[in-house]
Every structure is written in C-alpha cells, then in structure tokens.
Amino acid sequence: MSETTYWDRTDPFEEKLKLLEAAWQRKDFRLARTLAHSLRNTAIQAQSEEESPGTPLLAAARFEAVDALPSPWKNWAKGWKYYKTLTLDETIGQGRPAEPVEVLMSFPNEQVTSLTREVRVARVNEGALKEVPCQVIGEVRRSHERLCKLLFMADAPARRSQTFLVLYGNPDAELPAYPSDLVTTGEGFGLDIENQFYKASLSRQMGQLERLTLKREHGLELFSGGEDTASRRH
C-alpha cells in the first residue's frame, strides 16, 4: 500500500472553518484554539506544496547528457548523468572577486533523487573543469519538476564571461562537505565569528550579536541596539 499523504489524514480547509465557527458559537474556546492551530498547519502545508517558487533561470527541459561532453570533461564528471550550462557576464566593467551568485534552477523529477546531495557546480577554467563549492537550499517538488535555489561564489573579471556546468543525476553522490575558512574564537558568550567576508562579535555579557564588520565594504561596521548606527574605518 502507498503511504498516505497529509490530505488523506485531515479534514478539508472549508470543513475546519465550519467546525471552528460552530465551536466559537458554542463558546468552546479550547476546541476553537485547536481548530485554529489545525487551520494554520493546513495553510503551511498548502503553501509548501503549491506556492510558486518563481521562474527558474533554466527550464527543467534544458539539459544535456554528460556522455556528450569532451572526454576529459566526461571523465572528470564520472558518475553524473546530466548537466546544465550557466553563463555569467560581467557588464559594468568592475571585477568581482568571490561574488555570491544565487539562481533558481529546475530539474526533471525523474532525473534526480536529492538535489541537496547530487548537485555540483564546475567552472570552465582554461579548457578544464574546476569544482566550485555550492549549496542547494529550498528544494521543492512541483508536478514533474524539482526546483531549488543554487548558491555559489564566482570570480567575475571585468567585462568577461564565465561558463559553469551544473551537474546532477547521481543517486550515489555523497552530501558535499566543503572546507570553510570560518573561525570562531573566544569563550562562553564572548565569541568572535570570522571569515574573509565578515566578522561578527557577540556580546560578552548576553551572547547576542553586538557588532558586524563587513570586510569587503571598507570595514563597514554595523552595531546592534538603539538607533541604527554605522561607521567606516579608513
């Protein structure tokens, strides 16, 4: 027997509304609160299943087979069956080292098992492929497609184009675990959390975020508490 869905185990939204109104009229507030909570769960489930995540950059049907790649690239991508091609253009003449890129992607449902585990990003670098750390968030299923937001860093030279391959279709892929430059120092509540992009300092008394330094913005410092304040260190 197939597993039942949420909708097989609950009353329809309209029926819950009728029961809620009847409970309210009887002043059965305990039941009314229970039904209100159930209505909230129904709305959350419907949002998860039906809300549009947006228009993907590449439609699910736009893909190529890894076997059609040149031999060196095909050997590099061994184990993956499909890929999509992304081209990024820098158009304003400003170099962008380690620029965050976020794109909405769509994949045929029958070609993937878990986007979080399978998706890899490779940059075409001087005729070879080089893996770029990436992260998949917000994976959802809509009809015959799976969609997700794909995040990765791109070094974008001024007025240059870069080509990336988004590989997928490997049910045996391990969950990626990329090395990180994130460092935490301090003891107890008084922690400093830092990488090449920012430094977050927590309150030594309470542990909440007290100061955030954005290293790429000339040392812009943001302070919590009171009115919004910021200062620049030159």
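Conventions adopted
Residues numbered from 1 in each chain as written. Predicted model: local features only at pLDDT ≥ 70, side-chain atom pairs only at ≥ 80, totals over all residues. Heavy atoms only, no water. Pairing = 2+ DSSP bridges. Helix = DSSP H or I, 4+ residues; strand = E, 2+ residues; numbered from the N terminus. Salt bridge = Lys/Arg side-chain N within 4 Å of Asp/Glu carboxyl O. Buried < 20%, exposed > 50% of the residue type's maximum accessible area, 1.4 Å probe, protein only.

Draft legend 1. Quick look at the pairing of strand β6 (residues 134–142). For β6 and strand β7 (residues 145–156), the ladder comprises 7 bridges, and the chain directions are antiparallel. Its bridge partner being in β7, Arg141 is matched across the sheet by Arg146. Linking β6 to β7, which pair antiparallel, is a turn of 2 residues; within it Ser143 sits at a positive phi near 55°.

Draft legend 2. Spatial organisation of the pattern of salt bridges. The tally for this structure, following the rule as stated, stands at 10 salt bridges. The salt bridge partner of Glu90 is Arg96, with a shortest N-O separation of 3.3 Å. Residue Glu174 pairs with Arg117 through a salt bridge whose shortest N-O separation is 3.9 Å. Here the residue Glu174 occupies a position in the loop between β8 (161–168) and β9 (183–187), and Arg117 occupies one in helix α4 (residues 115–118), the gap between them amounting to 57 residues. Taking relative accessible area as the criterion, Glu174 reaches 58% and is therefore assigned exposed. Assessed through its relative accessible area of 34%, Arg117 is described here as partly exposed. Connected through salt bridges with shared partners, the residues Glu90, Arg96 and Glu99 form a single ionic network.

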